[in-house]
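# Breakdown of the fold
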Amino acid sequence: MDYFTLGKTGLKVSRLALGTMTFGDDWGWGADEKNSRALFDMFMQAGGNFIDTADLYTGGNSEKLLGKFIKETGTRDNVVLTTKFSYNTEPGNVNAGGNGRKNIIRALEGSLKRLDTDYIDLYMLHTWDKVTPAEEVIRTFDDLVRSGKVRHVGISDAPAWYIAQLQTLATERGLEPLATAQLEYSLVERNIEHEFVPMAQRLGTSLMAWSPLASGLLSGKYKPSNNEVKGEGRLATVAGSGNPAFEKFSDRNFKIVAELERVADHLGRSMAQVALNWVANQPGVSSVLIGATKVTQLQDNLSSLDFEIPKDLMEGLNKASAPEVKNPYSFFTPAIQGMIHGGASVGDKPSSYYQQTLIQGEGAGVTADAD
Ligand SMILES: NC(=O)c1ccc[n+]([C@@H]2O[C@H](COP(=O)([O-])OP(=O)(O)OC[C@H]3O[C@@H](n4cnc5c(N)ncnc54)[C@H](OP(=O)(O)O)[C@@H]3O)[C@@H](O)[C@H]2O)c1
């Protein structure tokens with residue numbers, strides 16, 4: 001396993017992070033305690049150190065199980081522990097959710113208790129609440145870092161302008177910067193490329209990709225036939241739930257799955273491995289969040305970085321999955337940019353600028369993040 005420094009911090013994290021949204025079978029598509037423990041052990045034995053949860057996941061059970069496994073294995077110091085707040089945990093209490101200072105502190109105390117620890121390595125805002133001023137979030141984050149209860153801070157599922165505002169305030173006011181932005185990114189969901197990838201590269205927020213297999217779709221196990229999709233797993237269980245992250249069965253997506261299958265066959269790799277490898281090698285991506293309900297899946301996914309997708313096959317994948325370029329992004333395409341630069345091709349920086357520097361550590365490669 002290679003380790004990378006996250007964003008503008010010195011925090012060393014594995015390139016594959018373990019997502020624990022499946023820890024606990026409370027939502028009907030997760031793993032029971034025994035299975036979750038096996039997943040945790042396998043990830044740690046493979047050299048992974050970056051583990052993600054949230055107070056929301058399986059109603060707090062994910063945090064409880066993770067805290068228990070860390071305690072039992074005596075690995076608190078080895079793990080880079082991430083959890084998140086935003087979602088309301090007490091219906092009827094308007095301040096028991098959202099991103100205001102009152103809820104951030106309340107939520108943190110709850111997470112510390114469930115995780116059975118006295119600090120969080122990376123504390124993240126889970127989802128933009130549309131109302132809390134950026135000044136309040138970044139000031140509270142900095143206070144928590146100073147208090148020692150939190151080491152680093154990050155954000156997930158928010159507009160790029162809001163993340164950029166937080167990062168700019170942190171930089172200008174000498175406060176703790178955001179170490180990462182966690183967003184959905186996969187071969188079927190590439191919309192973050194318009195705003196978030198350049199943001200991560202220029203503002204040093206880095207990117208952590210969630211649902212890199214589109215909730216299992218990109219493993220190839222779901223097959224459309226006669227207006228019906230067959231296959232067992234989360235997407236079949238939650239079909240029709242209305243959660244946009246779970247609405248993955250579409251003609252467009254199955255065309256991407258077909259191209260992925262062609263590439264995977266060519267390389268003699270599983271479709272999941274190729275899909276994860278694709279995400280991990282996209283610009284701005286620091287870490288890919290892998291999720292599993294079974295150890296066989298995790299085993300498969302942990303072997304996704306030890307090969308390269310050749311250029312011609314990469315082009316096939318990129319073409320099949322290209323996101324739609326809508327207004328105003330259509331003005332940033334080569335055709336219009338050529339009109340601005342007098343027909344010349346002008347890049348932001350020479351390609352060597354974003355190349356990574358390998359700092360050889362003892363027994364493990366530690367690399368400064370691409371941004
Ligand atoms: N910030 C956010 O808003 C947000 C949102 C979602 C997730 N996340 C984080 O990202 C993590 C990963 O997300 P995700 O679970 O949606 O990731 P994913 O990789 O898109 O989906 C993982 C699921 O796909 C199936 N699967 C995985 N590997 C497989 C394989 N090799 N072969 C066949 N099926 C396979 C399993 O589900 P089945 O067995 O049920 O098919 C597994 O639970 C989460 O645990 C969480 O930490 C964050």
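Refer to the preceding data block for the structure.
None of the values given here were measured: they were computed from a predicted structure. Along each chain, residue indices are assigned from 1 in the same order as the chain's sequence is written. Only residues with pLDDT of at least 70 are given local features in this predicted model, and only at 80 or more are side-chain atom pairs given and counted; all residues enter the totals for whole chains, interfaces and linings. Note that water and hydrogens are dropped before the side-chain values are worked out from all heavy atoms of the structure.

### With respect to the overall build of the protein chain
- Put simply, DSSP H or I for four residues or longer makes a helix, DSSP E for two residues or longer makes a strand, and each gets a number counted from the N terminus. Along the protein chain, the regular secondary structure elements total 12 helices and 14 strands.
- Only C-alpha atoms enter the radius of gyration, while the globule expectation follows 2.2 Å times N to the 0.38, with N the number of residues. On C-alpha atoms alone, the protein chain measures out to a radius of gyration of 20 Å, which is about the 21 Å that the 2.2 N^0.38 rule sets for 371 residues.
- Along the three orthogonal principal directions, the C-alpha set of the protein chain runs to about 55 × 50 × 50 Å.
- Whether two residues are in contact is decided by their heavy atoms, any of which lying within 4.5 Å being enough. Counted over contacts in the protein chain with a minimum sequence separation of 6, partners at least 24 positions apart contribute 73%.
- Of the roughly 17200 Å² of accessible surface on the protein chain, 51% is carried by carbon and sulfur atoms.
- One way to put it: in the protein chain the 37 positive side-chain charges average out to a point 2 Å from where the 45 negative ones average out. The protein chains shown are the only cover counted for residues, whose accessible areas, like all others here, come from Shrake-Rupley with a 1.4 Å probe. Positive charges are assigned to Lys and Arg, negative charges to Asp and Glu, while His and the chain termini are left out of the count. In plain terms, the charge of a residue is placed at NZ if it is Lys, CZ if Arg, CG if Asp and CD if Glu.

### Section: the packing of aromatic side chains
- The aromatic pairing rule takes the rings of Phe, Tyr and Trp, using the six-membered ring of Trp, and pairs them if the centres are within 6.5 Å, calling planes under 30 degrees apart stacked, those over 60 edge-to-face and the rest tilted. Applying the stated rule across the entire model yields 14 aromatic pairs.
- Both rings, one in Trp128 and one in Tyr162, keep their centres 5.9 Å apart while their planes meet at 45°; by these two values the pair is tilted. Remark: Tyr162 occurs in helix H5 (residues 160-173) and Trp128 occurs in the loop between strand E6 (120-125) and helix H4 (134-147); sequence separation between them is 34 residues.
- Judged by relative accessible area, Trp128 falls into the partly exposed class, the value being 25%. Only protein chains enter the accessibility calculation, which uses a 1.4 Å probe; a residue whose area is less than 20% of its type maximum is buried, one above 50% is exposed, and one in between is partly exposed.

### Observations regarding unusual backbone geometry
- Note the cis peptide between Asn327 and Pro328, where omega equals 5°.
- One can find Pro328 in the loop between helix H11 (311-321) and helix H12 (334-340).
- Of note, the phi angle at Asn226 is positive, near 45°, even though the residue is not glycine.
- Inspection of the secondary structure assignment puts Asn226 in the loop between strand E10 (223-225) and strand E11 (228-230).
- On the accessibility criterion, Asn226 (76% relative accessible area) is exposed.
- With a phi angle near 60°, Asn227 is a residue other than glycine that sits in the positive phi range.
- Tracing the backbone through its elements, the reader meets Asn227 in the loop between E10 and E11.

### Description of the packing of helix H8 (residues 251-267) against helix H9 (residues 271-280)
- One can describe the packing of H8 onto H9 by two numbers: an axis separation of 9 Å at closest approach and a directional angle of 105°. On the basis of their axis angle, the class for H8 and H9 is roughly perpendicular. On H9, the residues touching Val257, Leu260, Glu261, Val263, Ala264 and Leu267 of H8 are Met271, Val274 and Ala275.
- Class assignment of the residues belonging to the contact of H8 with H9 gives a composition of 8 nonpolar, no polar and 1 charged. Note on geometry: axes are C-alpha line fits, over the in-contact stretch for helices, and angles between N-to-C directions span 0 to 180 degrees. Orientation categories follow fixed angle ranges, with anything under 35 degrees roughly parallel, anything over 145 roughly antiparallel, 65 to 115 roughly perpendicular, and all other angles oblique. Three residue categories are used. Nonpolar comprises Ala, Val, Leu, Ile, Met, Phe, Trp, Tyr, Cys and Pro, charged comprises Asp, Glu, Lys and Arg, and polar comprises the others, including Gly.

### A few points about the site of the ligand
- Residues in close proximity to the ligand total 31 residues, the closest being Asp52, Asp157, Ser211, Lys221 and Thr293.
- For the ligand, a nitrogen atom lies 2.9 Å from a polar atom in the side chain of Ser156.
- Any N or O atom pair separated by 3.5 Å or less is treated as a polar contact, with the protein-specific requirement of one donor-capable and one acceptor-capable atom, and with residues adjacent in sequence counted only for side-chain atom pairs. Interatomic distance of 3.5 Å between a side-chain N/O atom of Trp210 and a nitrogen atom of the ligand.
- Calculation on the ligand without its partners gives an accessible area of 910 Å², and the protein chains cover 94% of this total.
- For the shell around the ligand, the leading source of residues is helix H10 (residues 295-302), giving 3 residues.
- Considered class by class, the residues forming the shell around the ligand number 10 nonpolar, 15 polar and 6 charged. Consider each residue's heavy atoms; a residue with any of them within 4 Å of a molecule or strand counts as near.

### Side note on the pairing of strand E7 (residues 150-156)
- Most of E7 is tucked away: 6 of the 7 residues are buried.
- Here, a strand pair is defined by DSSP locating no fewer than two bridges between the strands. Both E6 and E7 contribute to a ladder of 5 bridges, which runs parallel. Bridge pairing links Ile120 to Val150 in E7.
- Note on handedness: a crossover is taken as right-handed if, strands pointing away from the viewer, the path from the first strand over the helix to the second is clockwise. As for the winding sense of the linkage, the β-α-β connection from E6 through H4 to E7 is right-handed.

### Section: the side chain of His126
- Along the chain, His126 falls in the loop between E6 and H4.
- Beyond its immediate stretch of four places on either side in the chain, His126 contacts Ala54, Leu56, Tyr57, Lys84, Phe85, Ser86, Tyr87, Ser156 and Asp157.

### Some points on the pairing of strand E5 (residues 80-85)
- The buried count for E5 comes to 6 of 6 residues, which makes it a mostly enclosed element.
- As judged from the 3 bridges shared by strand E4 (residues 50-52) and E5, these two strands associate in the parallel manner. Along E5, the bridge assignment pairs Ile51 with Leu81.
- You can see the chain leave E4, run along helix H2 (residues 61-73) and come back into E5, and the turn it takes is right-handed.
- The pairing of E5 with E6 spans 4 bridges and is parallel. Counted as the bridge partner of Phe85 is Leu125 from E6.

### Re the pattern of salt bridges
- Salt bridges, as used here, are contacts in which a Lys or Arg side-chain nitrogen is within 4 Å of a carboxyl oxygen on Asp or Glu. Following the criterion strictly, the structure yields 17 salt bridges and no others.
- With a shortest N-O distance of 2.9 Å, Glu259 and Arg262 are connected by a salt bridge. Here the residue Glu259 and the residue Arg262 both occupy positions in helix H8, the gap between them amounting to 3 residues, near one helical turn.
- The exposure class of Glu259 is buried, given its relative accessible area of 15%.
- Owing to a relative accessible area of 42%, Arg262 belongs among the partly exposed residues under this scheme.
- The network of salt bridges with common partners includes Arg139, Asp142, Asp143 and Arg146.

Function cannot be read off these values alone, since they describe shape.
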